[in-house]
Amino acid sequence: MAELPVAELPATPARCSGRFTISTLLGMEEGGWGPYAPSEGAGCDSTHPTHLSGSTLCTRTFGYNTVDVVPAYEHYANSKGVGDAGKGRPSLADLHSILKPDPGHLHVPVSDPQRSNGLPEPGPEEAAGEPGRAPAPEPVRFGWVKGVMIRCMLNIWGVILYLRLPWITAQAGIALTWLIILMSVTVTTITGLSISAISTNGKVKSGGTYFLISRSLGPELGGSIGLIFAFANAVAVAMHTVGFAETVRDLLQEHNSLIVDPTNDIRIIGVVTVTVLLGISLAGMEWEAKAQILFFLVILVSFINYLVGTVIPATAEKQAKGFFSYRADIFAQNFVPSWRGPEGSFFGLFSIFFPSATGILAGANISGDLKDPAVAIPKGTLMAIFWTTVSYLVLSATIGACVVRDASGSLNDSVPVGSLGCEGLACGYGWNFTACAQRQSCRYGLSNYYQSMSMVSGFGPLITAGIFGATLSSALACLVSAPKVFQCLCRDQLYPLIGFFGKGYGRNSEPIRGYMLTYVIAIGFILIAELNAIAPIISNFFLCSYALINFSCFHASITNSPGWRPSFRYYSKWAALFGATVSVVIMFLLTWWAALIAFGIVIFLLGYVLYKKPDVNWGSSMQASSYNMALNYSVGLSEVDEHIKNYRPQCLVLTGPPNFRPALVDFVGTFTKNLSLMLCGNVLIGPRKQKMPESRLMADGHTKWLVKRKIKAFYTDVVAEDLRSGVQMLIQAAGLGKMRPNILVLGYKRNWLTASPQSLEDYVGILHDAFDFKYGVCLMRMKEGLNVSRVMQAHVNPIFEAAEHPEENGTRGRAALGTAADPIALAGEQQASTIFQSEQGKKTIDIYWLFDDGGLTLLIPYLLGRKKRWGKCKIRVFVGGQINRMDEERKAIVSLLSKFRLGFHEVHILPDINQKPRPEHIKRFDDLIAPFRLNDGFKDEATVNEMRQGCPWKISDEEVDKNRAKSLRQVRLNEILLDYSRDAALIAITLPIGRKGRCPSSLYMAWLETLSQDLRPPIVLTRGNQENVLTFYCQ
């Protein structure tokens, strides 16, 4: 621990409190206090606040007076990024660097560990608990029984339990009915295990299913499933309400008491019912929970009523309808299937029953209203699945042991036991149902009468009450779930125009606006009154959610992310994958066309979020998967041998801050996009202590600028004492494995004539270093220059200090005094900064392949020509030659280019390349190098070295004479470029090389200046590392 020795504590209140800020500790240090700690018990008062922690000093530091702190909850609350400093924890600089008095440096409000409801953090005033301010009321929170188990059981139980399960038992038999139940429950149980794992992998907030999927798989899949899941719940409100309304309508018809007509009665009853449910929901979660408990009790009573009815001796009326209490032979007959009708198949019945096993997400959907979601969701969901499964199995077994498949319901069909001509089990109990069974006209029995449970029960109306409770509780659960999920989705702002519905009201942050929207949707579908068409799509939406929850669990497990640490251990990633696959299969088994519609909607919403790229970072498993894939491929690439056919120009671009040289970034980004590596390098010159904070601060901004400009590149920077040493670091350390740069790209140093001699020496030295490390070099010059930092500053302040521009080579410039901005020049620079972002039209790309560098001078223009912006440009190749062999040399070059398959067909031979330049141009070159000459008069080497002491950039007369032919060649080449390529879109020419130690930097820069001066189009001087980058072999 970073300890600060302390002697006696003064008797002042500030220093007797046991609480210390950075300033207090500094005062102790600077005040010359002794090296010993205070006496025992000193400074242990816990009543005063600290800037570092929410604990006392003694609790915080084991009794030592130190800036360091012990682990605490608030240090980890609400931290998202890797670099986020925990609240109250000192930064590394506080512990490692020299302390400076800064009272507010670490003053961060301490978060409340109890605040786990997913609502926005309170403001400073609220957190401080000002006197006189009323404390916010505590929100209602539910435990696992009331909040999850009961809610899930109510949503799982439905009308199928009462009206369809006896009929399914008659069709499939008890054995296959149990198989159907267990198959359905297997899917829901696996999904429940996946929910349990995801919900225990960190703090769960409001948003339910959407929150779990989006925070696990990311906003793309999470957003799409969240929207359709909220909509599906809203429509499910209408479905369950219509189910209730149909039951009420049937009762009215039995008593001839219809309100208007059968269809409009459903609408009237449905609208009234959903309005009452809305009122219950708006009253608050507490009232909604009370209503759910009431429905739960009604269903339990109806279920007990049914079980009691099975053991009561059957009356004659019940026997006429096929009920004979528990009989072994009835159980044996109903144990095997008896398929009837068009739906009489195993998967047909499975598709009818499966929706009754769903509803396990009802508890997770109100995750923000649970006391401890990590405990409540796993426990409540799995217990709900267990008890509802038991109820389904018990119901199918008991009713299958009591009721025969066919019965007439007529008391006149009673016969003496053993009568002739009587077939079936009922004959043994004194009933003859043979006639209606043979004609298949029986109105009663398991196979024909949907109300068998009501008939068997002790008191029939209680079963009707159970049906009411099941439908209304499911409708109420969906009415609550839809707004809760939708509210979280609205707050994340993944889709436009829905933020209005994200506002919460009251202590539970109730989504009142979401309730009203759900109410309107439900009313709309209730008024349709015909939901048979929409019901399969809704079922498929829920199955989509199951599939994605299981896939989320599998994906998070398979990525091996260190952040995947669920406290619920009883899950399997392979079981989760199986659950996801089965959910998709069931979607197509239920209704294939509805499955296709559901997938189509999910893909559309997924594509929208992928296109919009929302600015959210939730640490999803997709991010972990991206890292895994990149890591595996990068490591695998290291095992692959290099081949010329797979050569890619991987560029280290000395951009400085990338937004300072947008044209250079655009140029390289054009031919490397989706093809190869691009690294934007920046050298921060200065003391490391001063520049490191700047580096950390600006790196994210530069990366975001590249993303916004749609440049697929990395940004990296180094801190160095000078430019050259910084570039050497980048050249040696940039990249990873085989993903390492092989080309150094930099801008031309326009101000070399006026720059300091050392910066000139460094610039040329960087080129030498690149060749020493076997890099190719690509040097770009534009007439308007590449650096637009002047333009950027001019937008802020029209009169500013002009830059000296040593940053043309990758560092930030120093300001020179007294130069005002020229508006015309600024406009030209601004236009030049976007030259490579516009269509180039039907111009030419002129390649001057003067010397064989391995083919890099040809390859880069070829890659440019493949891009849409350059697609209309014609590529011309110019090579040197002799006037008397022009045809032969042209044929040879055309033949070579055709073997490379580059598609360059226009080749020009330059026979006059060795002609003497015009005298005025020679004089201009001589005037250019005149300030750098030693004028030593051809003295001996020792004398020249002595004269050059301290100024190695100076040019001796002997060096001028030895390099005269090469110098005149650059002058002549400039004349040729002006003649042939004045209107080209781009000029690519082989970069001349100056021999290290034999060509002074000033002479070399004079060559580059002479070669590229007065040219309107951008010019790229390229030199490969003399190794082949093109081949015409196929192996």
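In this text, all values refer to a predicted model and were calculated from it rather than measured experimentally.

### Thoughts on the overall build of the protein
And then number 1: A tally of helices and strands in the protein yields 36 helices and 10 strands.
And then number 2: Here the protein holds 1035 residues, and 51% of them are scored as buried.
And then number 3: For the protein, the accessible surface area stands at approximately 47,600 Å², while carbon and sulfur atoms represent 59% of it.

### What about the packing of aromatic side chains?
And then number 1: Here the structure, examined in full by the defined rule, presents 31 aromatic pairs.
And then number 2: Relative to F335, the ring of F331 has its centre 5.8 Å away and its plane inclined at 40°; by these criteria the two rings are tilted. Taken together, the residues span about one helical turn, with F331 and F335 both in helix 13 (residues 328-335) at a distance of 4 residues.
And then number 3: Under the relative-accessibility criterion, F335 is labelled partly exposed at 37%.
And then number 4: An aromatic cluster is present here, built from F667, F671, F836 and W870 joined pairwise through their rings.
And then number 5: We note K290 situated over the ring of W287; from NZ or CZ to the ring centre the distance is 4.7 Å.

### Looking at a positive patch on the surface
And then number 1: Together, K613, K673, K710, K712 and R869 make up a region of like positive charge exposed at the surface.
And then number 2: With respect to the helices and strands, the residue K712 is situated in the loop between helix 25 (688-708) and strand 3 (714-720).

### Description of the sheet that holds strand 3
And then number 1: The mixed open sheet is built from 10 strands, whose spatial order is 3-2-1-4-5-10-9-6-7-8. Strands at the two margins of the open sheet, each flanked by one partner only, are strand 3 and strand 8 (906-910). For this sheet, the mean angle separating the axes of adjacent strands, direction not counted, is 20°.
And then number 2: For strand 9 (residues 986-990) and strand 10 (residues 1019-1023), the ladder comprises 4 bridges, and the chain directions are parallel. Within strand 10, the residue paired with I989 across the bridge is L1021.
And then number 3: Each of strand 1 (651-654), strand 2 (678-685), strand 4 (743-747), strand 5 (776-781), strand 9 and strand 10 touches helix 24 (residues 662-672); the most contacted strand, strand 1, lies at about 170° to it.

### Quick notes on the state of the cysteines
And then number 1: Enumeration according to the criterion identifies 1 disulfide in this entry.
And then number 2: Put simply, C436 and C442 are joined by a disulfide, and their sulfur atoms are 1.9 Å apart. Linking C436 and C442, the disulfide has an S-S dihedral of approximately 85° and is accordingly described as right-handed.
And then number 3: You can see C778 has no disulfide; the closest cysteine sulfur is in C651, sitting 7.0 Å from it.

### Quick word on helix 36 (residues 1001-1012)
And then number 1: An ideal rise of 1.5 Å per residue puts 16 Å on 12 residues; helix 36 measures up with 17 Å between its terminal C-alpha atoms.
And then number 2: Among the 12 residues that make up helix 36, 12 are buried, leaving the element largely enclosed by the rest of the structure.
And then number 3: Among the residues making up helix 36, those that are buried are S1001, S1002, L1003, Y1004, M1005, A1006, W1007, L1008, E1009, T1010, L1011 and S1012.
And then number 4: Positive phi appears at D1014, one or two residues downstream of helix 36, with a value of about 65°.

### A word on the packing of helix 9 (residues 219-254) against helix 20 (residues 535-558)
And then number 1: In the contact formed by helix 9 and helix 20, the axes pass within 9 Å of each other and the chain directions differ by 140°. As the angle between them shows, helix 9 and helix 20 are arranged oblique. Here helix 9 runs over helix 20; the crossing is left-handed. Across the interface between the two elements, L221, I225, I228, F229, F231, A232, N233, V235, A236 and M239 of helix 9 pack against A535, I538, F541, F542, C544, S545 and L548 of helix 20.

Calculation rules
- Residues numbered from 1 in each chain as written.
- Predicted model: local features only at pLDDT ≥ 70, side-chain atom pairs only at ≥ 80, totals over all residues.
- Heavy atoms only, no water.
- Helix = DSSP H or I, 4+ residues; strand = E, 2+ residues; numbered from the N terminus.
- Buried < 20%, exposed > 50% of the residue type's maximum accessible area, 1.4 Å probe, protein only.
- Areas by Shrake-Rupley, 256 points an atom, 1.4 Å probe, with all protein chains shown as cover.
- Phe/Tyr/Trp six-rings, centres within 6.5 Å; stacked < 30°, edge-to-face > 60°.
- Lys NZ or Arg CZ within 6 Å of the ring centre and 35° of its normal.
- Patch = residues over 30% accessible without salt bridge, like charges linked within 9 Å, V, L, I, M, F, W, Y side chains within 5 Å.
- Salt bridge = Lys/Arg side-chain N within 4 Å of Asp/Glu carboxyl O.
- Lys, Arg positive; Asp, Glu negative; His and termini not counted.
- Charge placed at Lys NZ, Arg CZ, Asp CG, Glu CD.
- Pairing = 2+ DSSP bridges.
- Axes fitted to C-alpha atoms, helices over the stretch in contact; angles between N-to-C directions.
- Contact = heavy atoms within 4.5 Å.
- Disulfide = S-S within 2.5 Å.
- Expected span 1.5 Å × (residues − 1).
- Parallel < 35°, antiparallel > 145°, perpendicular 65-115°, else oblique.
- Left-handed = near helix turned anticlockwise from the far one by under 90°.

Read these as geometric descriptors, not functional statements.
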